[in-house]
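Structural features, examined
The chain contents come next:
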Amino acid sequence: MIEIKGLSFGYRKKGKLFQNLSLDIKPGRISGLLGKNGAGKTTLLKIICGLLFPHSGECKVFGVDSYRRCPESLGEIFFIPEEFYLPSITPKEYINAFAPFYGRFDIVKFNEYLKTFEIPLGVRLTSMSYGQKKKFLLAFGLATACKILLLDEPTNGLDIPSKSQFRKTLASAVTDDRVILVSTHQVRDMENLLDSIIILDNGEIIFQQEMDSILSKLSVKLASDPSYIEDVIYFEKTLGGYAVLTENRGEEDTKIDLELLFNAIINNKERLYEIFSKEVLAHEN
Amino acid sequence: MKTKHLDFLRLFNLIKIEIITNYRTLLLGAGAITGVLLFLSLATVRSSFSWNFHDTFYPFVLFFVGYIFTSTAFKELHQYPRNYSYLTLPASILEKFLTKFLLTSAGFIIITLIGYFVFSILAAVLTNLVFGRSFPLFDPFNSDVWTVIKVYFITQSIFLFGSVYFKSHSLLKVLLSSFLFSLFISLLFLLTFKIVFHSYSMYELNFSVDRYEFYQMESLGRAIATVSKAIFHYMLAPYFWVLTFLRLKETEV
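Residues numbered from 1 in each chain as written. Chains lettered and ligands numbered in written order. Predicted model: local features only at pLDDT ≥ 70, side-chain atom pairs only at ≥ 80, totals over all residues. Heavy atoms only, no water.

**Structural notes on the overall build of chain A**
What counts, and what does not: Secondary structure elements follow DSSP: runs of H or I no shorter than four residues count as helices, runs of E no shorter than two count as strands, and numbering proceeds from the N terminus. Note that the radius of gyration is over C-alpha atoms, with the globule rule given as 2.2 Å times the number of residues to the power 0.38. Relative accessible area decides the class of each residue, using a 1.4 Å probe on protein chains only: under 20% of the type maximum gives buried, over 50% gives exposed, and in between gives partly exposed. Should any heavy atoms of two residues lie within 4.5 Å, those residues are considered in contact. Note on areas: Shrake-Rupley with a 1.4 Å probe; residue coverage comes only from the protein chains shown. Two residue types count as positive, namely Lys and Arg, and two as negative, namely Asp and Glu; His and chain ends fall outside the count. A charged residue contributes its charge at one atom only: NZ of Lys, CZ of Arg, CG of Asp or CD of Glu.
Looking only at helices and strands, chain A features ten helices and 13 strands. Here chain A has a C-alpha radius of gyration of 20 Å; the compact-globule value for 285 residues is 19 Å, and the two agree. Seen along its three principal axes, the alpha-carbon backbone of chain A occupies a region of about 65 × 45 × 35 Å. Looking at chain A as a whole, 55% of its 285 residues are labelled buried. Here the analysis covers contacts within chain A between residues at least 6 apart in sequence; of these, 68% occur between residues at least 24 apart. Of the roughly 12900 Å² of accessible surface on chain A, a fraction of 48% belongs to carbon and sulfur atoms. Within chain A, the 38 negative side-chain charges are centred at a point lying 7 Å from the centre of the 35 positive side-chain charges.

Structure representation (structure tokens):
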């Protein structure tokens, strides 16, 4: 659905960001795109939806180069950026103007989402709070039934109940033919929601794994002293001890702390490559 | 009609977006212009100028308002994050270009013709009620009006390109660029003139040109004028339309 091969891209002032980057995103799951600030997460999303053009290599969406911005591909992509624009019109006017561009737009579902998110209908979009606007756009994006949903920092600006509503709604929107790619720093907001993880660092995909595979190969333990634990990959001091990421040898049923996993990958990726050696999709030339 | 790059339904929907999202601003602008024109018509009705009122103010409205309107045509391309939603809207580059082109050229011309005609009726009624004087009606079918429209149709293409090319103050930048270009052409002609007539002094009384040379130069001058006219009438607008389309196609955020 989204195929990126040998992609190179950079900004004029900042130099090369991606060099020979390759990535294949399959449908039917929610993928989390994680990375440090400036790793290129938003840039990658922009390239996928044709807002930026690759300098070399290719980025194909449904087999078509994304930079061509052909209406058929764009009709299957809905991008919700961290900062977004909504015109000074009512939700009804917005639907009247923008929904016709999405052939499978479902007005019934849209109204359901609006009800779930408690979005007022009578006010202009510009009069809504940032969180309400974001939820409105998310409701619209889900109702378009686009096969690719790109979300950049979707939980930023949402209050606590809204984050929970967001997670439930997004989880219910997963279908076998849909790619949901979420770029975020707020990994705690995404826990239990992501089906696969893609980690971007220094312009490279350094880790791409399904959550099932991660859970079967890694486990998190709490310990007062990590030196007593075998197969330690990475540990961090927490309240009352250490959170330790270890290799899961006994097929333990465990929950993964995404923040710990992310830090482990950034700090000890070689060890993780060894563990995932048969499956790791580390695209290093 | 539906092809890969042009679907009339999508084109219609794009025009609908423009109307839905901008009609409040447009109505406000139209109201303000009508108000000013009504005031001016009342102020001038006692003078003889009132009979030339439309010859002055229709071109003013068409060019002044039209250029401002055209210069803001692609404003969403340069406004972050508005450009995200505009560029990812499922429509082709050709359709996006045609929407802006149609609205700022034919659409604007039709609206000003109708709007100005309605204003002239209002002005005629009002001046008659207030001062008991008659005020001329605007004739949209007058040949002078269509000459003005033709010039607007051609020249607005430059402002349309300016709106896609310049990130800010496109109207001023287009005017400045046009001024610099005219200056360059004038200097070029001046230089040519100097080279051709270098042997003659400005104050020389027995200024004479060989008759054969004169005829040759006259025909050259006529040829230059014909070519210039042809370029203006038939090539200038299409050239800027193509440039606008290409610039839109290669725009990134």
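**Here we look at the domain arrangement of chain A**
For an interface, size is often stated in terms of accessible area lost upon the parts coming together. All names here are of chain A. Rules: In this entry, domain limits derive from an automatic or database-based domain assignment. A quick way to say it: buried area is the sum, across both parts, of accessible area lost when two parts are put together, with a 1.4 Å probe. When a carboxyl oxygen of Asp or Glu lies within 4 Å of a side-chain nitrogen of Lys or Arg, that pair is called a salt bridge. Polar contacts here mean pairs of N or O atoms no more than 3.5 Å apart (in protein, one a potential hydrogen donor and the other a potential acceptor; neighbouring residues in sequence count only if both atoms are side-chain atoms).
Partitioning chain A into domains gives domain 1 (2-202) and domain 2 (210-275). The centre of domain 1, based on its C-alpha atoms, is set 30 Å off from the matching centre of domain 2. Contact with domain 1, which involves 15 residues of that partner, is made by twelve residues of domain 2. Buried surface at the junction of domain 1 and domain 2, summed over both partners, amounts to about 1200 Å²; 64% is from carbon and sulfur atoms. The tally of links between domain 1 and domain 2 comes to three salt bridges. Taken together, the links from domain 1 to domain 2 amount to five residue pairs in polar contact (both at pLDDT 80 or more). Going through the elements one at a time, β3 (29-35), α7 (187-190) and β9 (196-201) are the ones with two or more residues in the side of domain 1 that touches domain 2. Per element, the largest residue contribution to the side of domain 1 that touches domain 2 is four residues, and it comes from β9.

**Thoughts on the interface of chain B and chain A**
Rule in force here: Residues are grouped as follows: nonpolar covers Ala, Val, Leu, Ile, Met, Phe, Trp, Tyr, Cys and Pro; charged covers Asp, Glu, Lys and Arg; every other residue, Gly included, is treated as polar.
Between chain B and chain A, the contact holds 29 residues from the first and 27 residues from the second. Buried surface at the junction of chain B and chain A, both sides included, amounts to about 2600 Å², of which 64% is carbon and sulfur. Across the contact surface, chain B and chain A share one salt bridge. Here A:Glu93 makes a salt bridge to B:Arg24, at a shortest N to O gap of 3.7 Å. Applying the counting rule to chain B against chain A returns nine residue pairs in polar contact (both at pLDDT 80 or more). The biggest single contributor to the side of chain B that touches chain A is helix α1 (residues 8-44) of chain B, with nine residues. Its residues assigned to classes, the side of chain B that touches chain A comprises 14 nonpolar, seven polar and eight charged.

**Some thoughts on the nonpolar core**
As a reminder, the rule being used: Put simply, a nonpolar core is a bunch of buried Ala, Val, Leu, Ile, Met, Phe, Trp, Tyr and Cys residues held in one set by side-chain atoms that sit within 4.5 Å of each other.
Judged by nonpolar contacts, the single largest core of 69 residues is most densely connected at A:Tyr94, A:Phe140, A:Leu170, A:Ile197 and A:Leu218. Per-element accounting of this core gives the leading share, seven residues, to helix α5 (residues 130-143) of chain A. Looking at which domains feed residues into this core, each of domain 1 (2-202) and domain 2 (210-275) of chain A supplies at least three. Listed in part, the 49 residues of the second largest apolar core include A:Leu52, A:Ile148, B:Ala73 and B:Leu248.

**Side note on the pattern of salt bridges**
For the structure shown, the criterion picks out 18 salt bridges over all chains. Of the charged contacts, one joins B:Glu218 and B:Arg222 as a salt bridge, the two residues approaching to 3.3 Å between their closest N and O atoms. One end of the pair is B:Glu218 and the other is B:Arg222, both in helix α7 (residues 211-249) and four residues apart, which spans about a single turn. In this structure, a network of salt bridges that share partners links the residues A:Lys60, A:Asp65 and A:Arg68.

**Some thoughts on the packing of helix α2 (residues 53-71) of chain B against helix α5 (residues 143-165) of chain B**
Residue and element names in this part refer to chain B. To be explicit about the condition: Fitted lines through C-alpha atoms give the axes, limited to the stretch in contact for helices. The angle between two N-to-C directions lies from 0 to 180 degrees. Just so you know how the angles are binned, under 35 degrees is roughly parallel, over 145 roughly antiparallel, 65 to 115 roughly perpendicular, and the rest oblique. Two helices that cross are described as forming a left-handed crossing if the nearer one is turned anticlockwise from the farther one by less than a right angle, and a right-handed crossing if clockwise.
Here α2 crosses α5 at 20 degrees, and the two axes come no closer than 9 Å. Taken together, the axis directions place α2 and α5 in an arrangement best described as roughly parallel. In this structure, α2 crosses over α5, and the sense of that crossing is right-handed. Contacts between α2 and α5 involve Tyr58, Pro59, Leu62, Phe63, Gly66, Tyr67, Thr70 and Ser71 from the first element and Val145, Val148, Ile149, Val151, Tyr152, Thr155, Gln156, Phe159, Leu160 and Ser163 from the second. Counted by class, the contact of α2 with α5 contains twelve nonpolar, six polar and no charged residues.

**Here's the deal with the sheet that holds strand β13 (residues 241-247) of chain A**
Residue and element names in this part refer to chain A. Note the cut-off: Two strands are counted as paired when DSSP detects at least two bridges linking them.
The strand order across the open sheet built from three strands is β11-β13-β12, with neighbouring strands paired in antiparallel fashion. Whereas interior strands pair on both sides, the edge strands pair on one side only; in this sheet they are β11 (218-223) and β12 (232-238). Along the sheet, successive strands turn relative to each other by an average axial angle of 20 degrees, direction set aside. Note: β11 against β13, six bridges, orientation antiparallel. Following the sheet pairing, Val220 is matched in β13 by Leu245.

**Overview of unusual backbone geometry**
Cis geometry is found at the peptide bond from B:Tyr80 to B:Pro81, where omega equals 0 degrees. The residue B:Pro81 is located in the loop between α2 and α3 (82-87) in this model. With a phi angle near 60 degrees, A:Asn20 is a residue other than glycine that sits in the positive phi range. Looking at where A:Asn20 falls in the secondary structure, it is placed in strand β2 (residues 15-25). A relative accessible area of 36% places A:Asn20 in the partly exposed class. Of note, the phi angle at A:Glu118 is positive, near 55 degrees, even though the residue is not glycine. A:Glu118 gets classed as exposed once you look at its relative accessible area, which sits at 61%.

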